[in-house]
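Reading the structure
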Amino acid sequence: QVQVVESGGGLVQSGGSLKLSCASSGFIFGTYDMGWYRQAPGKQRELVATISIGGNTNYADSVKDRFTISRDFAKNTLNLQMNSLKPEDTAVYYCNVRRYSENYWGQGTQVTVSS
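As a starting point, this report considers the structure included with it. Computed from a prediction, not measured in an experiment: that's the story for all the values here.

Topic: the pattern of salt bridges
- Per the stated rule, a full pass over the model turns up five salt bridges.
- Arg 38 is the salt-bridge partner of Asp 89, the closest N and O atoms lying 2.9 Å from each other. One end of the pair, Asp 89, is in the loop between strand S8 (77-82) and strand S9 (91-99); the other, Arg 38, is in strand S4 (residues 33-39), with 51 residues separating them in the sequence. This pair shows no difference in class: Asp 89 is buried, exactly as Arg 38 is.
- Between Arg 99 and Glu 102 there is a salt bridge, with its nearest N and O atoms 3.7 Å apart.
- Among the residues examined, Arg 99 registers a relative accessible area of 28% and is labelled partly exposed.
- Members of the salt-bridge network, linked through shared partners, are Arg 38, Glu 46, Arg 66 and Asp 89.

Next up, the structure:
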């Protein structure tokens, strides 16, 4: 059974950094496309960053040059390094893994950036 569990969220001041992690189990790590999404209050869930099976990355324009998505194959973990955080980055961040018709989500982790 595929499971993904996010961690690393919290409260940080504007300009600060956080690292989110997504611990994965129940599948061979690296054989699914993976990504981070976020949902702010009153808004739709939106893509933050994705990484394909082959390692190709894609970022939302709003986070380019500030966020970095990466995979740790030793720990079966997907990471999101977030730097230069802004109040508009405040949201619940979700880990996603998908392949063909399979699509799995974590429970989310709250990131709050104060001004």
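Picking up where we left off.
Some thoughts on the packing of aromatic side chains
- Per the counting criterion, the structure on display carries five aromatic pairs.
- Ring geometry for Tyr 37 against Trp 105: centres 5.1 Å apart, planes inclined by 70°, an arrangement best described as edge-to-face. Within this pair, whereas Tyr 37 is found in strand S4, its partner Trp 105 is found in strand S10 (residues 102-105), the two being separated by 68 residues in sequence.
- What makes Tyr 37 buried here is its relative accessible area of 13%.
- Residue Trp 105 is classed as partly exposed on the basis of its relative accessible area, which comes to 33%.
- The structure contains a cluster of three or more aromatic residues connected by ring pairs, namely Phe 27, Phe 29, Tyr 32 and Phe 73.
- One Lys or Arg, Arg 45, reaches over the ring of Tyr 94 and ends 3.7 Å from the middle of that ring.
- A cation over a ring is seen here: Arg 45 above Trp 105, with NZ or CZ 4.6 Å from the ring centre.

Structural notes on the sheet that holds strand S3 (residues 18-25)
- Spatial strand order, S1-S3-S8-S7: four strands in an open sheet with antiparallel pairing. Both outer strands of the open sheet, strand S1 (3-7) and strand S7 (67-72), are each paired with one neighbouring strand and no more. Strand-to-strand twist of the sheet, defined as the mean angle between neighbouring strand axes without regard to direction, takes the value 15°.
- As paired strands, S7 and S8 are joined by six bridges and run antiparallel to one another. Bridge assignment links Ile 69 to a residue of S8, and that residue is Leu 80.

The rules behind each value
Residues numbered from 1 in each chain as written. Predicted model: local features only at pLDDT ≥ 70, side-chain atom pairs only at ≥ 80, totals over all residues. Heavy atoms only, no water. Salt bridge = Lys/Arg side-chain N within 4 Å of Asp/Glu carboxyl O. Helix = DSSP H or I, 4+ residues; strand = E, 2+ residues; numbered from the N terminus. Buried < 20%, exposed > 50% of the residue type's maximum accessible area, 1.4 Å probe, protein only. Phe/Tyr/Trp six-rings, centres within 6.5 Å; stacked < 30°, edge-to-face > 60°. Lys NZ or Arg CZ within 6 Å of the ring centre and 35° of its normal. Pairing = 2+ DSSP bridges. Axes fitted to C-alpha atoms, helices over the stretch in contact; angles between N-to-C directions.

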